[in-house]
Every structure is written in structure tokens, then in C-alpha cells.
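Next come the chains, spelled out residue by residue.
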Amino acid sequence: FQIAHKHKLKYAIDEKIISNFIKSNPEYWETYSIIGDYYSVVKNEHAFGYYLQALEKEITTVQDKELVVEKLEYSRRFVIDFK
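Conventions we followed
Residues numbered from 1 in each chain as written. Predicted model: local features only at pLDDT ≥ 70, side-chain atom pairs only at ≥ 80, totals over all residues. Heavy atoms only, no water. Core = buried A, V, L, I, M, F, W, Y, C linked by side-chain atoms within 4.5 Å. Buried < 20%, exposed > 50% of the residue type's maximum accessible area, 1.4 Å probe, protein only. Helix = DSSP H or I, 4+ residues; strand = E, 2+ residues; numbered from the N terminus. Phe/Tyr/Trp six-rings, centres within 6.5 Å; stacked < 30°, edge-to-face > 60°. Axes fitted to C-alpha atoms, helices over the stretch in contact; angles between N-to-C directions. Parallel < 35°, antiparallel > 145°, perpendicular 65-115°, else oblique. Left-handed = near helix turned anticlockwise from the far one by under 90°. Contact = heavy atoms within 4.5 Å. Expected span 1.5 Å × (residues − 1).

Enquirer: Just checking my understanding: could you explain the nonpolar core for this structure?
Expert: The nonpolar side chains of soluble globular proteins are, as a tendency, buried together. Ranked by internal contacts, the top residues of the largest apolar core, which has 17 residues, are Ile18, Ile22, Ile35, Tyr39, Tyr50 and Val68. At the level of secondary structure, the elements contributing two or more residues to this core comprise α2 (15-24), α3 (29-41), α4 (46-56) and α5 (62-82).

Enquirer: Before we go on, may I ask you to explain the packing of aromatic side chains in this structure?
Expert: How two aromatic rings sit relative to each other is set out by the distance from centre to centre and by the angle between their planes. Tallied over the entire structure, the rule returns 3 aromatic pairs. With 5.9 Å between their ring centres and 55° between their planes, tyrosine 28 and tryptophan 29 make a pair best called tilted. Overall, tryptophan 29 belongs to the buried group, its relative accessible area being 7%. Here the aromatic cluster, defined as three or more aromatic residues joined through ring pairs, consists of Tyr38, Tyr39 and Tyr50.

Enquirer: What am I meant to see in the packing of α3 against α4 here?
Expert: Helix-helix packing is characterised by the crossing angle of the two axes and by the distance between the axes. At their nearest, the axes of α3 and α4 sit 8 Å apart, and the two run at 165° to each other. Between α3 and α4, the angle falls in the class roughly antiparallel. In this structure, α3 crosses over α4, and the sense of that crossing is left-handed. Along the contact surface, α3 presents Trp29, Tyr32, Ser33, Ile35, Gly36, Asp37, Tyr39 and Ser40, while α4 presents His46, Ala47, Tyr50, Tyr51, Gln53 and Ala54.

Enquirer: Quick question: what am I supposed to make of the environment of leucine 67 here?
Expert: Locating leucine 67 in the fold gives a position in helix α5. Separated by 34 residues in sequence, leucine 67 and serine 33 have C-alpha atoms that sit 9.7 Å apart.

Enquirer: How should α3 be read in this particular structure?
Expert: What sets the pattern is the α-helix's 3.6 residues per turn: residues three or four places apart point alike. Over its 13 residues, α3 extends 19 Å from the first C-alpha to the last, a length consistent with the 18 Å expected when each residue adds 1.5 Å. Most of α3 sits inside the fold, with 12 of its 13 residues counted as buried. By the burial criterion, the buried members of α3 are Trp29, Thr31, Tyr32, Ser33, Ile34, Ile35, Gly36, Asp37, Tyr38, Tyr39, Ser40 and Val41. Positive phi appears at lysine 43, one or two residues downstream of α3, with a value of about 55°.

Below, the structure written as C-alpha cells:
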């Protein structure tokens, strides 16, 4: 996921891989933030939902929480564009 985000690759990642990634650390906020980043790169409406899930988890620093909130606001346009 981080490779896809870092290099702005635009290829689909199988839902099974995403599911396994979540299962590997389901209570960690960054798990959902990374998936949100992937969907944000491909401008997909799912980014918004994953950032929301990240905010439901304990985020230990103010800076990290603010970053997720910024990403959530940015991804809101994908939801609007798809409606």
C-alpha cells in the first residue's frame, strides 16, 4: 500500500489483500489511513470511509490526528463526485 501511495501507482489491489491487511492490525488507526491513502491516489470514494475508520481508533499524537482529518476533508470530494 505504501509503495502504491509513494509512487502514485494506479493499479487495483485485490479486496482480499485489503481484508488481510486490516486483519493484520485491525485496531491500529494507521492501517485504515494507509488504505485510505491508496483509495485517495486512485480517487475512489472508499478513501473517505477508511479515513473515518482511522479516526475511530486511538491516534496518539495531535499531528497524526490532524493529518487524518485533513485527508478526510480532501477525500470528501470523491464522495461528492460519485453521487
